[in-house]
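Descriptive structure summary
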Amino acid sequence: MEFLNNLLDQLSTAYELLAAGWGVQLLWGISWTLAVTVVSMLIGATLGSLVAAAKLSSSGGLRFIGESYTTVFRGEPELLIIYLFYYGGTQVLTGVARSTGSIGPTDIVNMPSFLGGVLAVGIISGAYQAEVFRGSFLAIHRGELEAARAYGMSALMRFRLVIMPQVLRLAVPGLGNVWQLTIKDSALISVTGVAELMLSANKAARSTHHSLLFYALAGILYLVMTSISTPIFEKAERYTSRSFVRPK
Amino acid sequence: MSADLAAAAKSASPPGDDKAAISVKDMRKSFGDHEVLKGISLEAHKGDVISILGSSGSGKSTFLRCINLLELPDSGEVRVDGELIRMKQGRDGRQMPADIRQVERVRANLAMVFQSFNLWSHMTVLENLVAAPTHVLKRPRAECLEQAEALLKRVGIWERRNYYPPHMSGGQQQRAAIARALAMNPKVMLFDEPTSALDPELVGEVLRVMRSLAEEGRTMLVVTHEMGFARDVSSQVMFLHKGEVDSLGEPKEMFARPPTQQFKQFIANFNK
């Protein structure tokens, strides 16, 4: 009985705290997390397709660049890359500004935190997406590419009519995985001061001394975001694979 | 004119006519140290149906694929309707097309039918038939759709026009692939072992379509193992052995009196 009373007590405290403004903070956190993830995915898709093309290229130089990219950005801790872009970026920007004399010798130019964050997370996401795109391209039936050549299609037509639609279809399950990774990576850019979900939960926990409550709540919200995306990607997969017999 | 005379007039090329539908001169191709084609020449005039026979490894598929440059021949000339495909020396010393636009234009005139069909699996049958005509030949879509439906009726799979290729039998896919080739209104059709990947009971339906194309006067080069088709349908038989033309001639004559020991043995193996 005492336990139950205790629990009710806790819940009403939680409600009061959330109603007092921390709830709104967390909601803003969610929208920033989604914004960071979407922008990073788009940066990653652009870089990832270029890197995949480089890795598939017949030129040794391009292949080396592509290989190095995926090796480095999948092999380093995410946090290190983020620090590198944010603090390293600040140092570079400051250096440039001081040398052109546009700021004083003691002033600094900060890397914009959102930009530094999404660049870092996007570049990491791009390394994983490159592998997804490369694998998808290699899974296209070679004969279909040959038929496209034999029917007089130019390289651009082959890409648009035969390669792109099939790479997208084959890439959907893999991109679903990368999306989940990217949502989780977005939490790391709280260190640059972007008020996404992790940072909002952190602030709330520290200011109210209710760490258990706010971190658990943030954990649940992350789980909701990652699990909602699973059925969405499954639906996309069903749509893009509609031309294929699914083994029963 | 008697039937024999008409046939003779058709197969004999008029003197000075260099506008063969397709003409190949002295084509050579090696893979590494292995010389697959040792100087092969061939001329096909409008309406010719040439069966290209040979045991596996004889170079017959490579020869066909060198004609539309899916493989790059090391040397030799290909002319389509009198137009020479221009080649140049590449940086690695091998020859390559001088003008890829010309190659694309010529390829559009040489519709190919593959052993493994190679329909675009993410498009419906109908989309497969209109993709190249609308994009490569820039013909109006409505016109292409109309033609595509007519062609599908002709090869007997119109009811499957909205199916995706993986949902159809091999025989249906190959008939769709032949319709895709016809949709290009090609000058010459290239068939690369069109029935070799099919279950035996599905071969007949594809051969019937090919026979009807031959009868309406299409120019066809057919790499095949179907002796019946070679003997009864084609106007010429070319037999390749170890990368060379072993024998070439009119099919009835070739099969009745094999001109070489190699060819005799080749057809004997098939009759076993």
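Residues numbered from 1 in each chain as written. Chains lettered and ligands numbered in written order. Predicted model: local features only at pLDDT ≥ 70, side-chain atom pairs only at ≥ 80, totals over all residues. Heavy atoms only, no water.

Residues and elements named next belong to chain B. Reading across the sheet, the four strands line up as E2-E1-E4-E5 and stay open at both edges, with antiparallel pairing between neighbours. A strand with exactly one partner marks an edge of an open sheet, and here the two such strands are strand E2 (34–44) and strand E5 (83–84). Across five bridges, the pairing between strand E1 (residues 22–31) and strand E4 (residues 75–80) is antiparallel. The partner of Lys25 across the bridge, within E4, is Glu77. Contacting E1, E2 and E4, helix H2 (residues 60–67) crosses the sheet at an angle of about 120 degrees to E1. (Pairing = 2+ DSSP bridges. Helix = DSSP H or I, 4+ residues; strand = E, 2+ residues; numbered from the N terminus. Contact = heavy atoms within 4.5 Å. Axes fitted to C-alpha atoms, helices over the stretch in contact; angles between N-to-C directions.)

With that out of the way, let us pick up the sheet that holds strand E3 (residues 49–53) of chain B. All names here are of chain B. Sheet architecture is open: six strands sit in the order E8-E9-E10-E3-E11-E12, paired in mixed fashion. Where the open sheet ends on each side, the last strands, each with one partner, are strand E8 (110–113) and strand E12 (244–249). With direction set aside, neighbouring strand axes in the sheet form an average angle of 20 degrees. The sheet strands contacting helix H6 (residues 170–182) are E8 and strand E9 (188–192), and the helix crosses E8 at an angle near 175 degrees.

Further remarks concern the side chain of Arg107 of chain B. For Arg107 of chain B, the location among the structural elements is in helix H3 (residues 100–108). In this structure Arg107 of chain B is buried but unpaired, with Glu104 of chain B as the nearest side chain of opposite charge at 5.8 Å. A polar atom in the side chain of Arg107 of chain B sits 2.9 Å from the backbone oxygen of Asn68 of chain B. Excluding anything up to four places from it in sequence, Arg107 of chain B contacts Arg149, Ala150 and Gly152 of chain A together with Asn68, Leu69 and Leu70 of chain B. (Buried < 20%, exposed > 50% of the residue type's maximum accessible area, 1.4 Å probe, protein only. Lys, Arg positive; Asp, Glu negative; His and termini not counted. Salt bridge = Lys/Arg side-chain N within 4 Å of Asp/Glu carboxyl O. Polar contact = N/O pair within 3.5 Å; in protein donor to acceptor, adjacent residues only side chain to side chain.)

This part is about the interface of chain A and chain B. Interface size is commonly expressed as the accessible surface area that is lost when the partners come together. Taken together, the contact pairs 23 residues of chain A with 31 residues of chain B. For the chain A and chain B pair, buried surface summed over both sides reaches about 2200 Å², with 58% attributable to carbon and sulfur atoms. When the area that chain A buries against chain B is broken down by residue, the three leading residues are Ala150, Tyr151 and Ser243 of chain A, summing to 31%. Applying the counting rule to chain A against chain B returns one salt bridge. Across the pair Arg65 of chain B and Glu146 of chain A runs a salt bridge, and its minimum N-O distance is 2.8 Å. (Buried area = accessible area lost by both parts, 1.4 Å probe.)

Looking now at the pattern of salt bridges. Summed over all chains, the structure comprises 20 salt bridges over all chains. A salt bridge links Arg101 of chain B to Glu104 of chain B; the shortest N-O distance between them is 2.9 Å. On the criterion of helical spacing, the pair formed by Arg101 of chain B and Glu104 of chain B is a turn pair, its members being three residues apart in helix H3. The network of salt bridges with shared partners includes Lys55, Glu67, Glu131 and Arg134 of chain A.

As far as function goes, none of this settles anything; it's purely spatial.
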